[in-house]
Amino acid sequence: MTTHWFADTAVLTGRSLRHITRSLDTILTTVITPIAIMVMFVYVFGGAIDTGSVSYVDYMLPGVLLITIASGISYTAVRLFADMTGGLFERFQSMPIARSGVLWAHVLTSLVANVLSLVVVVLVALLMGFRSDAGVAAWLAVAGILLLFTLALTWLAVIPGLTAKSVDGASAFAYPLIFLPFVSSAFAPTDTMPAAVRAFAEHQPATSIVNTIRDLFAGQPVGGDVWVALAWCAGLLVVAFGLAVLIYRRKLA
Amino acid sequence: MPAIQVHGLRKAFAELDVLRGVDLEVARGSVFALLGSNGAGKTTIVKILSTLLKADEGAVRVNGFDVAAQAADVRKSISLTGQFAAVDEILTGREHLVLMARLRHLREPGRIADELLERFGLTRAGARRVATYSGGMRRRLDIAMSLIGDPPIIFLDEPTTGLDPQGRLEVWQAVKALAERGTTVLLTTQYLDEAEQLADRIAILHDGRIVVNGTLAELRQLLPPAEVEYVEKQPTLEDVFLAIVGAAR
Ligand SMILES: Nc1ncnc2c1ncn2[C@@H]1O[C@H](COP(=O)(O)OP(=O)(O)OP(=O)(O)O)[C@@H](O)[C@H]1O
Ligand SMILES: [Mg+2]
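Calculation rules
- Residues numbered from 1 in each chain as written.
- Chains lettered and ligands numbered in written order.
- Predicted model: local features only at pLDDT ≥ 70, side-chain atom pairs only at ≥ 80, totals over all residues.
- Heavy atoms only, no water.
- Contact = heavy atoms within 4.5 Å.
- Buried area = accessible area lost by both parts, 1.4 Å probe.
- Salt bridge = Lys/Arg side-chain N within 4 Å of Asp/Glu carboxyl O.
- Helix = DSSP H or I, 4+ residues; strand = E, 2+ residues; numbered from the N terminus.
- Nonpolar A, V, L, I, M, F, W, Y, C, P; charged D, E, K, R; others polar.
- Donors = N, O, S within 2.8 Å, 3.2 Å for Na, K, Ca; no water.
- Buried < 20%, exposed > 50% of the residue type's maximum accessible area, 1.4 Å probe, protein only.
- Near = heavy atom within 4 Å.
- Polar contact = N/O pair within 3.5 Å; in protein donor to acceptor, adjacent residues only side chain to side chain.
- Areas by Shrake-Rupley, 256 points an atom, 1.4 Å probe, with all protein chains shown as cover.
- UniProt positions renumbered as here; feature names shortened; annotations may be inferred.
- Expected span 1.5 Å × (residues − 1).
- Bend = angle between axes of the 7 residues up to and from the residue.
- Pairing = 2+ DSSP bridges.
- Axes fitted to C-alpha atoms, helices over the stretch in contact; angles between N-to-C directions.
- Phe/Tyr/Trp six-rings, centres within 6.5 Å; stacked < 30°, edge-to-face > 60°.
- Lys NZ or Arg CZ within 6 Å of the ring centre and 35° of its normal.

Draft legend 1. Examining the interface of chain B and chain A more closely. Opposite the 29 residues of chain B that make contact, chain A presents 23 residues. Overall, the association of chain B and chain A removes approximately 2,400 Å² of surface from exposure, summing both partners, and the carbon and sulfur fraction of that is 59%. Looking only at chain B, the three residues that lose the most surface to chain A are Leu 52, Arg 75 and Leu 103 of chain B, adding up to 26% of its buried area. Our count for the chain B to chain A interface comes out at five salt bridges. Arg 91 of chain A is the salt-bridge partner of Asp 142 of chain B, the closest N and O atoms lying 2.5 Å from each other. Those elements giving two or more residues to the side of chain B that touches chain A turn out to be helix H2 (71-77), strand S6 (78-81), helix H3 (93-103) and helix H5 (135-147) of chain B. Of the residues that constitute the side of chain B that touches chain A, the class distribution is 13 nonpolar, six polar and ten charged.

Draft legend 2. Fine view of the coordination of the magnesium ion (ligand 2). Residue and element names in this part refer to chain B. With distances of 1.8 to 2.1 Å, the protein atoms coordinating the magnesium ion (ligand 2) are Thr 43 (OG1) and Gln 83 (OE1). With Thr 43 in helix H1 (residues 42-49) and Gln 83 in the loop between S6 and H3, this pair connects stretches of sequence that are 40 residues apart. What makes Thr 43 partly exposed here is its relative accessible area of 22%.

Draft legend 3. Local environment of the site of ligand 1. All names here are of chain B. The full set close to ligand 1 counts 14 residues, and Gly 39, Lys 42, Thr 43, Thr 44 and Gln 83 are the nearest of them. The contact in question runs from an oxygen atom of ligand 1 to an N or O atom on the side chain of Thr 43, over 2.6 Å. With respect to ligand 1, the side chain of Gln 83 contributes an N or O atom lying 2.8 Å from an oxygen atom. Relative to its unbound accessible surface of 640 Å², ligand 1 loses 61% to contact with the protein. Of all the secondary structure elements, the ones that give two or more residues to the shell around ligand 1 are strand S2 (16-26) and H1. With three residues, H1 is the single largest residue contributor to the shell around ligand 1. Taken together, the residues of the shell around ligand 1 sort by class into four nonpolar, eight polar and two charged.

Draft legend 4. Region of interest: the side chain of Glu 194 of chain B. Residue and element names in this part refer to chain B. Looking at where Glu 194 falls in the secondary structure, it is placed in helix H7 (residues 192-198). Side chain to side chain, Glu 194 and Trp 172 meet in a polar contact 3.1 Å long. If near-sequence neighbours (up to four positions away) are discounted, Glu 194 is found in contact with Pro 159, Thr 160, Arg 168, Trp 172, Leu 187, Thr 189 and Ala 199.

Draft legend 5. Focus on the environment of Asp 215 of chain A. Residues and elements named next belong to chain A. If you trace the backbone, Asp 215 turns up in helix H10 (residues 205-217). Between the C-alpha atom of Asp 215 and that of Val 142, which follows or precedes it by 73 residues, the distance is 9.8 Å. Every residue in contact with Asp 215, bar those within four places of it in the chain, is listed here: Gln 220, Pro 221, Val 222 and Gly 223.

Draft legend 6. Molecular detail of the UniProt feature "transmembrane region" (unreviewed entry) in chain A. Residues and elements named next belong to chain A. In the UniProt entry, the feature "transmembrane region" (unreviewed entry) is given for residues 27-49, 61-82, 103-130, 136-158, 170-188 and 226-248. Annotated as residues 27-49, this span is 83% helix and 0% strand, and its ends, taken at the C-alpha atoms, are 30 Å apart. The span residues 61-82 shows a helical share of 100% and a strand share of 0%, and its end C-alpha atoms are spaced 32 Å apart.

Draft legend 7. Region of interest: helix H2 (residues 25-45) of chain A. Residue and element names in this part refer to chain A. Its 21 residues give H2 an end-to-end C-alpha distance of 29 Å, which sits within 8% of 30 Å, the value for a rise of 1.5 Å per residue. Its maximal kink placed at Ile 32, H2 deviates by approximately 25°, while the proline Pro 34 follows within four residues. For H2, every residue scored as buried is listed here: Thr 26, Ile 27, Thr 30, Val 31, Pro 34, Ile 35, Ile 37, Met 38, Phe 41 and Val 42. Looking at the buried positions of H2, the neighbouring elements they touch are helix H1 (5-22), helix H3 (56-86) and helix H5 (99-127).

Draft legend 8. Quick look at the sheet that holds strand S7 (residues 153-157) of chain B. All names here are of chain B. Pairing is mixed across the open sheet formed by six strands, whose spatial order is S6-S7-S8-S3-S9-S10. Whereas interior strands pair on both sides, the edge strands pair on one side only; in this sheet they are S6 and strand S10 (209-214). With direction set aside, neighbouring strand axes in the sheet form an average angle of 15°. Direction of pairing for strand S9 (residues 201-206) relative to S10: antiparallel, over a ladder of five bridges. Pairing of Leu 205 across the sheet is with Ile 210, part of S10.

Draft legend 9. Structural view of the packing of aromatic side chains. Considering all chains together, one arrives at 15 aromatic pairs over all chains under this definition. With 6.4 Å between their ring centres and 75° between their planes, Trp 5 of chain A and Trp 104 of chain A make a pair best called edge-to-face. Of this pair, Trp 5 of chain A sits in helix H1 while Trp 104 of chain A is found in helix H5, placing the two residues 99 residues apart along the sequence. With relative accessibility at 18%, the residue Trp 5 of chain A sits in the buried group. Owing to a relative accessible area of 26%, Trp 104 of chain A belongs among the partly exposed residues under this scheme. Taken together through their ring pairs, the aromatic side chains of Phe 41, Phe 45, Tyr 56, Tyr 59, Phe 179, Phe 182 and Phe 187 of chain A make up a single cluster. Here the guanidinium or amino end of Arg 214 of chain A rests over the ring plane of Tyr 59 of chain A, the centre of that ring lying 3.6 Å away. Here Arg 168 of chain B stacks its cationic end above the ring of Tyr 191 of chain B, 4.4 Å away from the centre of that ring.

Here it is as structure tokens:
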């Protein structure tokens, strides 16, 4: 590791961030789907779903936030893919800079882009009537969980970014992730689902994350779900990070 | 000590045996041209020399450092302009140069960028995004990026492919200026006149080996001397190339 790791990574991140700040369309296309889903569910389907005393927009927002992240990270893969194929990557790799910094720059850029998208979606939700009883600590906890989830999915996105053969391949891996919240407790309580679906829904990562965030937004104490959620995120992060780094090393060999 | 030493270099991609025992040396401060047909393995050699690819076999040293064991030292000694312009569409020309200067930890990156823009006739385009540049402008920017930090050895992989005659001349001038400063340049090319113009030594890569290596005068001697037709005509490098490559086929 060179002594310039932080400086190099900061410079590379600055460059990569310009892709976000100069063409805000990636943020727009990231948030358009979650916002459309939110509008559909709140104004069309939501009335038919029994969420008890909780307003539907409050009920569904955590799931929409996960969808936002899942669609946001597909751009992470696309940006990395563009560098890989555009020759810029090789130029960086032939220079005396910290090689892992090239990857970290993309990861940090992904975090910034997703935070921006999440803020936009929450603001739209507020306009649509979302209200939260969460205090500062609860909001910080929500931010922490979302950031951890983003980091885990970002490292997952690095894998197709490094290995894809086409731009479409680089972004397609995100589709199943975008749909995962639909088969969870995000949009409807799981107890009305058929047994097999319900079993899947209750044991997949989106449910525990959604339940935790929902409790935090409601200003209620979180149940055991928070540990399950953290375990999923941390587990995914470790596996994705390990695989991504392995593939990256192979690529360089 | 030569700037570049390659001995018994072999590289295969799966079934494809691209380099089958390449030997070459490049003297310090010289311009060395590597000629070869499409797919001969020129880019493969450049990538191995610039630590982007690992050799299967052979001893490869750049600036005295082993490319496998001392890759970090090699990277400090070189700069690579790849076959395809390595630029970022979103950034301006000036931002590219500032980025390179920062990554090489140089002072006054802005001043360095402005100087290079001037030198490569890009001052007026400097504030524009590269997406709006022509092929020649990209290539010039690409080469300018490689000069930052004054590395002692520069690799140029087909630096003038796709340029108009004017753009080619500009690149040639840049290469000559580098040579005057004592920079070692290894360039690959498909254009024989380019090698004639620029190179102190020329090597021809064919069938995975260096089949000829010498000065232009030495290469000319490989063919029967001037043929007498209506006028006396020295064999051009092109004649030499085609005779050798054609014969080997
Ligand atoms: N990563 C790779 N995987 C498989 N085959 C490869 C790879 N890189 C190069 N090759 C093959 O190796 C051979 C040599 O390629 P290389 O790019 O070195 O040739 P070149 O002399 O630079 O050709 P050109 O003049 O077209 O640039 C080609 O047949 C090419 O298809
Ligand atoms: Mg090539």
